[in-house]
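Listed here are the chains, written in short residue letters.
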Amino acid sequence: MNAQTIMVCSGKGGTGKSTIAVLVGAHLAAQNRKVLLIELDSGLRSVDIIAGVYGKTVYDIEDVLCGRCDGDKAVVASPLYPGLSIISAPYEGGVVRTAPLTRLVSLMSPFFDFILLDTAAGMGPAFTAGAAVCAKALLVLTPDPIALRDGRIVADRLIADGHTQQDLRLVVNRLRPDSFGRRAAVYDLDECIDTVGVQLLGVVPESSALQHSVLAGEAVPENCPAAAACAAIAGRLLGRRIPLTV
Ligand SMILES: Nc1ncnc2c1ncn2[C@@H]1O[C@H](COP(=O)(O)OP(=O)(O)OP(=O)(O)O)[C@@H](O)[C@H]1O
Ligand SMILES: [Mg+2]
């Protein structure tokens, strides 16, 4: 194995990066791929709750990057999503640096098909380190003008730093029936794609079932439309032709 490394990023915070990283990772794992999800959002953990590893982690990414433990010691299997492994962010402190992250990714790469890097919002150290090691970047954005405009800035930075247009994909998250239209701030999906300037990989609807499952510490049920949308995104990452249904 030689893992494909994919960064999940956004400009604006709270667009659903961690949620989508877990669910896409879970569905890649459900397709018999070995998936490692590393949360790089120091001090603002959330993947541990979404993936159900809360309270099960002894070491975190900061311990690994500072050399306090080997990478495999910090890997925890998600009890909610079989085949999905997690390295959590620290509860506080720590700055993700490029060189140790690059070393970790290359050490882990032979053991996984996919390494997903869930970054913090914006273009701070986690983004810079993730951008340096990833082959692809998923921009997870909500369909609002600020998230889309900030997403364009992030996409431009990735291109300026040497990534190609082909490396970038857009996921529009939390789509509601009233997200688009003449009365909405964004007219349609085309406007999202044109604003960000990145090819669309998937659209994930707003889902109260998703929120309830996360709050209850349970796996998001497969029949939830948001989970189905993430399964389709995982399928597209695996090269399958899956039509977009919005
Ligand atoms: N499709 C969705 N439907 C409903 N709620 C969602 C959806 N996606 C994400 N959320 C909710 O939005 C909130 C933010 O999600 P999440 O923590 O994944 O965002 P984030 O981009 O990782 O945030 P941060 O920038 O702080 O890292 C959470 O409460 C999550 O449950
Ligand atoms: Mg997050």
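Remember, it's a predicted structure, so these values are computed and weren't measured experimentally. Residue indices follow the written sequence of each chain, beginning from 1 at its first position. The lettering of chains begins at A and the numbering of ligands begins at 1, in the order of writing. Restriction of local features to residues with pLDDT of at least 70 applies here, the model being predicted, together with a cutoff of 80 or more for giving and counting side-chain atom pairs; totals for whole chains, interfaces and linings are based on all residues. Side-chain calculation: all heavy atoms of the structure are included, whereas hydrogens and water are not.

(A) How the structure looks around helix α9 (residues 225–237). Spanning 13 residues, α9 covers 18 Å between terminal C-alpha atoms, matching the ideal 18 Å at 1.5 Å per step. Three exposure classes are used, based on accessible area relative to the maximum for each residue type with a 1.4 Å probe and protein chains only: buried under 20%, partly exposed in between, and exposed over 50%. A run of DSSP states H or I qualifies as a helix once it reaches four residues; a run of E qualifies as a strand once it reaches two. Both are numbered from the N-terminal end. The buried fraction of α9 amounts to 10 of the 13 residues, a majority that puts the element mostly inside the structure. Along α9, the residues that are buried comprise A226, A227, A229, C230, A232, I233, A234, G235, R236 and L237. Any two residues whose heavy atoms approach within 4.5 Å are treated as being in contact. Of the surrounding secondary structure, the elements contacted by the buried residues of α9 are β1 (4–9), α1 (17–30), β6 (136–141), β7 (168–175), β8 (200–205) and α8 (208–216). Within two residues after α9, G239 carries a phi angle of roughly 90°, on the positive side. Expected helix span is computed as 1.5 Å times (number of residues minus one).

(B) Focus on the sheet that holds β1. If you walk across this open sheet you meet the eight strands as β3-β4-β2-β5-β1-β6-β7-β8, and the pairing is mixed. Each of the sheet's edge strands pairs with one partner strand only, and the pair in question is β3 (76–77) and β8. Two strands are said to pair when DSSP picks up at least two bridges between them. Here β1 runs beside β6; their pairing, made up of four bridges, is parallel. Bridge pairing links C9 to L139 in β6. To obtain each axis, a line is fitted to C-alpha atoms, and for helices this fit is confined to the stretch in contact; angles are then taken between N-to-C directions over 0 to 180 degrees. Across the sheet, helix α5 (residues 125–133) touches β1 and β5 (114–118), and the angle it forms with β1 is around 150°. Against the sheet, helix α7 (residues 189–196) engages β6, β7 and β8, with an angle of about 140° to β7.

(C) The nonpolar core, seen in detail. To qualify as a nonpolar core, a set must consist of buried Ala, Val, Leu, Ile, Met, Phe, Trp, Tyr and Cys residues joined through side-chain atoms within 4.5 Å. Among the nonpolar cores identified, the biggest contains 38 residues, and V22, V24, L37, L84, V171 and V204 are the most heavily contacted of them. Per-element tally for this core: the top contributor is α1, with eight residues.

(D) Main features of the pairing of strand β4 (residues 84–87). Here β4 shows a buried face lined by L84 and I86 and a second buried face lined by S85 and I87. As judged from the four bridges shared by strand β2 (residues 35–39) and β4, these two strands associate in the parallel manner. From the neighbouring strand, L37 faces β4, where its bridge partner is I86. Bridge count between β3 and β4: two bridges; the pairing is antiparallel. What sits directly across from V76, in β4, is I86. Connecting β3 to the next strand, β4, in antiparallel fashion are six residues, including G83 with a positive phi near 90°.

(E) Focus on the packing of aromatic side chains. Each pair of aromatic rings taken from Phe, Tyr and Trp, with Trp reduced to its six-membered ring, is defined by centres within 6.5 Å and is described as stacked if the planes are under 30 degrees apart, edge-to-face if over 60, and tilted in the remaining cases. Tallied over the full model, the rule gives zero aromatic pairs. A ring has a charge above it when a Lys NZ or an Arg CZ is no more than 6 Å from the ring centre and no more than 35 degrees off the ring normal. The cationic tip of K34 hangs over the ring face of F112; the distance from NZ or CZ to the ring centre is 5.5 Å.

(F) Local environment of the packing of helix α6 (residues 145–160) against α7. At a closest axis distance of 8 Å, the pairing of α6 and α7 adopts a crossing angle of 35°. In contact with L148, R149, G151, R152 and A155 of α6, α7 contributes C192, D194, T195 and V196.

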